[in-house]
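Close look at the chain arrangement
Single-letter residue listing:
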Amino acid sequence: MPELFIGFDRLAQPGPAPVHLKSHTLLRHVMALGSSGSGKTVFCKAVTEEVLRAGVPAICIDPQGDLCSLALHLDDPAWLANKGVDPEFARLLQREIDPVIFTPASRKGIAISADPVSADLDDLEARDRVYAITGIATMIVSLLGYDLDSDDGAGLVAAFDKALTGLAGREKFPRDLGEFTQWLARLDDAGKKELASLVDPRKLDQAAQKLARLDVGARRLLFHEGLSLDIDLLLGNGDRSANEGRTRLSVIYLNSLHTQEDKEFFVAALTERLYSWMLRNPSSEPQALFYIDEVAPFIPPVRKPACKPALSLLFKQARKYGVCCLMATQNPADVDYKAMAQFGTWALGRMTTRQDMAKVQPTVKSLDPVHVDAVMQELPALKPGQFLLISPDNFDRTVRLQTRWLLTKHETLDEDKIEHTVDSLRLYVEPPADGGEAPEPPTMRERFDALEAELKQQAQQMPDADEDNADDAEVSDDAAQEPESTPTKAAQPKPDKPVSVLVASPPPDPEVEESDKVLCKAASMAAKDFATRTGLGEGAARARLRRLVSAGRAREYKDGRVVRYYSVAGGMRPDLGLERKVSALICKVSGNDVERKARELRGRSSFFGLLGEDEDLQSFDIEYRLVLQLGFTEKVTRAFFKRLFGSSHDEMVDYIYLHPYSLRIVVYDPGKGISLHDKPGDYASRIIDFDGMTQLEEIEPARLKLRESDLKTRKSDDVVKQSFKQRFNASPKSVKPVFLPVWNLHFGSRGRSAERMVCIDALTGNPLEW
């Protein structure tokens, strides 16, 4: 594998000199750190391009859409040459890579699903099978929303671990999550008694109910939609989608998943499978790159998401098996220090907060003890694309790096752009030497639709799993017992399982597909509008729209006397007046945090456990409540000393947030939570609210569980502005809806349905009184 060209040493004499990393450097992993806008993603994409040029496939986890553009060729030779990059590199990269964009639980890209139980344990050694089964148990419990550090969470992990180990020892390991759910539902009292030392049987019953609900509704897409998660598929090894002579680039776009817990689960499932794959395919040479663009949420220092144990183990062991890890974060203080210690090369971009600089200083001191003070002083002044590169395997000093220009486009793709790319991108084919026309290759979508259809046909030809397990319908007394020894490889060979067979979706109906595309082009349509666009008669158009509704692809609502239809795929809610993306405050309180908070909030009605019963948290869910963001300008009187040397007023441009129907003012305190006030001060611009203290994201309204009554009963914009003018000497401008995430916690006595609901805001975790 050749050395990797990643940029220029900007302090080299007599001028900037190319900087290369040795290929084996990647086996000790690379970490890029820097604040937002420092260029760390561009640095990591440059490393990824070089790895692909060297013929090593890459799996890239893309939280926001920044990595999807690695699939887009930059066809501007003059521009590249001007930036110091040989245009031939870009041309060769286009010919040599095979890019694929996967979207978990969504068909915007290439749909991919992850069943936590669907893992091949047969080829693993006994010790590695133990780790794999524990990982499966951990993922299942995390999916159910339990805090893995809580008594309930740890107990369920131990119980599921023991149960799965026992099933593996009897060669009845479940093939998928549904099969394990059925086994748990059939577990008799004797079987539960075997697990009672690990978890309360009532908690086991609750977990069984939660498991059953996982396979209902939209969330089931996470386990069933599209191709099943398979490392050989992602690396382009031997499957029918692979193109001989090309190197697979798999980008997994996580924003198609709606909750952080689902994202953590998918990363956990992928990491577990990657770990098992590398154990079966050891190599002393780099054979795969694993890249997460923003790793902090997945391996935090205190909290334990489902993916943290798997990532920690991968970082420790991957170098021995030829798997190279590349990570980036803008929040080094939010990453577990033990995980960071596994990385041997560091690219440090601009950092401005003391907390982040204090986090990296010990590592800088250990890698470059002589120049540690100089390095730390430089960090706040670095410009975008400039890094301090510390790599003892390559350099005897800290290199002042200017990242090279990318060979691919650098832009952020949303789901619509991803869909367009997948529908239109074809692999580059050299024209024939005789000057004729080369046959047009299939698009990315066409290739993988064909693969999915082929695998589905294989799955239908396999014997039914229920027939294989007919003798397991009655659960015996030793259902949960472990075998006497550690599970070993099965003595009897099992039927071969084809790769990626979880393809439960029926073949698409061409008329429905085409009609949905037409409906997507507008926020909503009446039957008359749809008839005009499709050339159908109005009656036929109405029938076609009703087919879309029946298929779950569209919804209808009344606008006055007219029935209107809108596409579910569009992600909008025109029935609520939301015809474009909305702004939502980013949730900071996870499901695991909710469980911890519930222990503080639950009511205690028993007297020392003798009389009455304590409350239990029965369930919790997130919803988004409407607040109104009002822009305004306001003149604020300056301090006396400032008035002596200039204007008597400062003109402020700011926002204020209001309750949608009481129009009380929202005040935000990160320590105390969110409260409502009539007039918290004389100046609206001095009210402490979300601005500068939280982050907003633009998101399709259909992806949010909205409290619809807020939108139906909210005050009109004119009433909002008039109310504001009565309270403040300021000029109101525009009114915009913003959505606040709120957790609803449902409490009830043990064995009963929920009797009390408590709401906490999802920014601070404090109770919300409105």
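Residue numbering note: each chain is counted from 1, following its sequence as written. A pLDDT threshold of at least 70 governs which residues receive local features in this predicted model, and a stricter bar of 80 or more applies before side-chain atom pairs are shown or counted, although totals over entire chains, interfaces and linings include all residues. Excluded from the side-chain calculations are hydrogens and water; all other atoms, namely the structure's heavy atoms, are used.

A few points about the overall build of the chain
Quick note on the threshold: A run of DSSP states H or I qualifies as a helix once it reaches four residues; a run of E qualifies as a strand once it reaches two. Both are numbered from the N-terminal end. Burial classes: relative accessible area under 20% of the type maximum marks a residue as buried, over 50% as exposed, and values in between as partly exposed (1.4 Å probe, protein chains only). Per-residue accessibility takes into account occlusion by the displayed protein chains alone, with areas from the Shrake-Rupley method and a 1.4 Å probe.
If you tally the helices and strands in the chain, you get 25 helices and 24 strands. Split into buried and exposed, the 770 residues of the chain put 51% on the buried side. When the accessible surface of the chain is summed, it comes to about 35300 Å², and 49% of that surface belongs to carbon and sulfur atoms.

A short note on the nonpolar core
Side chains of a nonpolar character, in soluble globular proteins, are inclined to be buried together. The cut-off we apply is this: To qualify as a nonpolar core, a set must consist of buried Ala, Val, Leu, Ile, Met, Phe, Trp, Tyr and Cys residues joined through side-chain atoms within 4.5 Å. Residue contacts are defined here by distance: any two heavy atoms, one from each residue, within 4.5 Å place the two residues in contact.
One finds Phe43, Phe160, Phe290, Leu348 and Leu389 to be the most contacted residues of the largest nonpolar core, which totals 150 residues. With 11 residues, the top contributor of residues to this core is helix 11 (residues 260-280). Apart from the residues within four sequence positions on either side, Phe43 is in contact with Ile6, Val30, Ala32, Ala347, Phe387, Leu389, Leu401 and Thr403. Grouped together as the second largest cluster of nonpolar side chains are 26 residues, Leu578, Ile656, Ile687 and Phe724 included.

Topic: helix 6 (residues 177-185)
Filter applied, for reference: Contacts described as polar in this section are N or O atom pairs within 3.5 Å, which, within protein, must combine one atom able to donate a hydrogen with one able to accept it, while residues neighboring in sequence count only if both atoms come from side chains.
When we look at burial in helix 6, the residues that qualify are Leu177, Glu179, Phe180, Thr181, Trp183 and Leu184. For helix 6, the N-terminal capping position is held by Asp176, with its side-chain oxygen 3.2 Å away from the main-chain nitrogen of Gly178.

A word on the packing of helix 6 against helix 8 (residues 201-214)
Helix-helix packing is described using two parameters, namely the angle between the two axes and the distance between the axes. Test applied: Note on definitions: angles span 0 to 180 degrees between N-to-C directions of axes, and those axes are lines fitted to C-alpha atoms, for helices only across the stretch in contact. Each crossing gets its handedness from the near helix: less than a right angle anticlockwise from the far helix is left-handed, clockwise is right-handed. Any residue that is not Ala, Val, Leu, Ile, Met, Phe, Trp, Tyr, Cys, Pro, Asp, Glu, Lys or Arg is counted as polar, Gly included; the first ten are nonpolar and the last four charged.
It is at 10 Å that the axes of helix 6 and helix 8 come closest, and there the two elements cross at 145°. Our pair here, helix 6 against helix 8, has a crossing hand that is left-handed. Contacts between helix 6 and helix 8 involve Leu177, Phe180, Thr181 and Leu184 on the former and, on the latter, Leu204, Ala208, Leu211, Ala212 and Leu214. Looking at the contact of helix 6 with helix 8 residue by residue, the class counts come to eight nonpolar, one polar and no charged.

Section: helix 19 (residues 510-520)
Our working rule: To obtain the arc, one takes the directions from the helix axis to the C-beta atoms.
Among the residues of helix 19, Val512, Ser515, Asp516, Val518 and Leu519 are the ones counted as buried. Buried residues of helix 19, viewed axially, fall in a sector of 160°; they line one side.

Here we look at the packing of aromatic side chains
Stated formally: Pairing of aromatic side chains requires ring centres within 6.5 Å, counting the rings of Phe and Tyr and the six-membered ring of Trp. Pairs whose planes differ by under 30 degrees are stacked, by over 60 edge-to-face, and all others tilted. Here, a charge over a ring is recorded when the distance from Lys NZ or Arg CZ to the ring centre is within 6 Å and its angle to the ring normal is within 35 degrees.
Counted according to the given criterion, the structure contains 14 aromatic pairs. Summarising the aromatic geometry, the rings of Phe160 and Phe180 are spaced 5.4 Å apart at their centres and angled 85° between planes, so their arrangement reads as edge-to-face. In this pair, Phe160 sits in helix 5 (residues 151-169) while Phe180 sits in helix 6, placing the two residues 20 residues apart along the sequence. Grouping residues by exposure puts Phe160 and Phe180 together as buried. Three or more aromatic residues joined by ring pairs make a cluster, and in this case those are Phe160, Phe180 and Trp183. Taking the ring centre of Phe89 as reference, the NZ or CZ of Arg53 above it sits at 4.0 Å. Between Lys679 and the ring centre of Phe728, over which it is positioned, the NZ or CZ distance is 5.5 Å.

What to know about empty space enclosed by the protein
Short version of the rule: Only protein atoms enter the 1 Å grid, on which a cavity is a set of points fitting a 1.4 Å probe that cannot get out and a pocket is an open set with protein on both sides within 12 Å along at least 5 of 7 lines, lining residues being those with an atom within 4 Å of a point. Grid points are joined across faces, edges and corners, and a volume is the space filled by probe spheres set on the points.
Tallying each qualifying case throughout the model produces one cavity of 30 Å³ or more. Taken as a whole, the largest cavity encloses approximately 40 Å³ of empty space. Taken together, the residues that form the lining of the largest cavity break down as five nonpolar, one polar and two charged.

As for the state of the cysteines
Test applied: The disulfide criterion is simple: two cysteine sulfur atoms within 2.5 Å.
Applying the stated rule across the entire model yields zero disulfides. No disulfide involves Cys325; its sulfur sits 7.6 Å from that of Cys324, the nearest cysteine.

Quick look at the packing of helix 5 against helix 8
Put simply, the rule reads: If an angle is under 35 degrees, it is roughly parallel; if it is over 145, roughly antiparallel; if it lies from 65 to 115, roughly perpendicular; otherwise it is oblique.
Two elements in contact, helix 5 and helix 8, have axes whose closest approach is 11 Å; the angle formed by their N-to-C orientations is 80°. Considering the angle they form, helix 5 stands roughly perpendicular to helix 8. Two secondary-structure elements touch here, helix 5 through Asp152, Leu156, Ala159 and Phe160 and helix 8 through Lys203, Leu204, Ala207 and Leu211. Taken together, the residues of the contact of helix 5 with helix 8 break down into six nonpolar, no polar and two charged.

Notes on the side chain of Lys203
Structurally, Lys203 can be placed in helix 8. At 3.4 Å, the side chain of Lys203 forms a polar contact with the side chain of Asp152. Those residues in contact with Lys203 that sit more than four places away from it in its chain are Tyr146, Asp152, Leu156 and Asp616.

A look at unusual backbone geometry
In this structure, the amide linkage connecting Gln13 to the following residue, Pro14, adopts the cis form with an omega of 10°. For Pro14, the location among the structural elements is in the loop between strand 1 (4-9) and strand 2 (17-21). Positive phi outside glycine occurs at Ala105, with the angle close to 60°. Its place among the elements puts Ala105 in the loop between strand 5 (97-104) and strand 6 (110-113). Classification of Ala105 by relative accessible area gives buried; the value is 17%. With phi around 60°, Leu663 is a residue other than glycine that occupies positive phi space. By the element assignment, Leu663 lies in the loop between strand 19 (649-658) and strand 20 (665-669).

Concerning the pairing of strand 13 (residues 399-403)
Spelled out, the test is: Strands were regarded as paired on the criterion that DSSP finds at least two bridges between them.
In terms of burial, strand 13 is largely enclosed, as four of its five residues are buried. Where strand 1 lies against strand 13, three bridges are found, and the strand directions are antiparallel. Within the sheet, the bridge partner assigned to Phe8 lies in strand 13 and is Gln402. One ladder, built from four bridges, connects strand 12 (residues 386-390) with strand 13; its direction is antiparallel. Each residue of the ladder has a partner; that of Leu389, found in strand 13, is Val399.

Without other data, these values stay purely geometric and don't point to any function.
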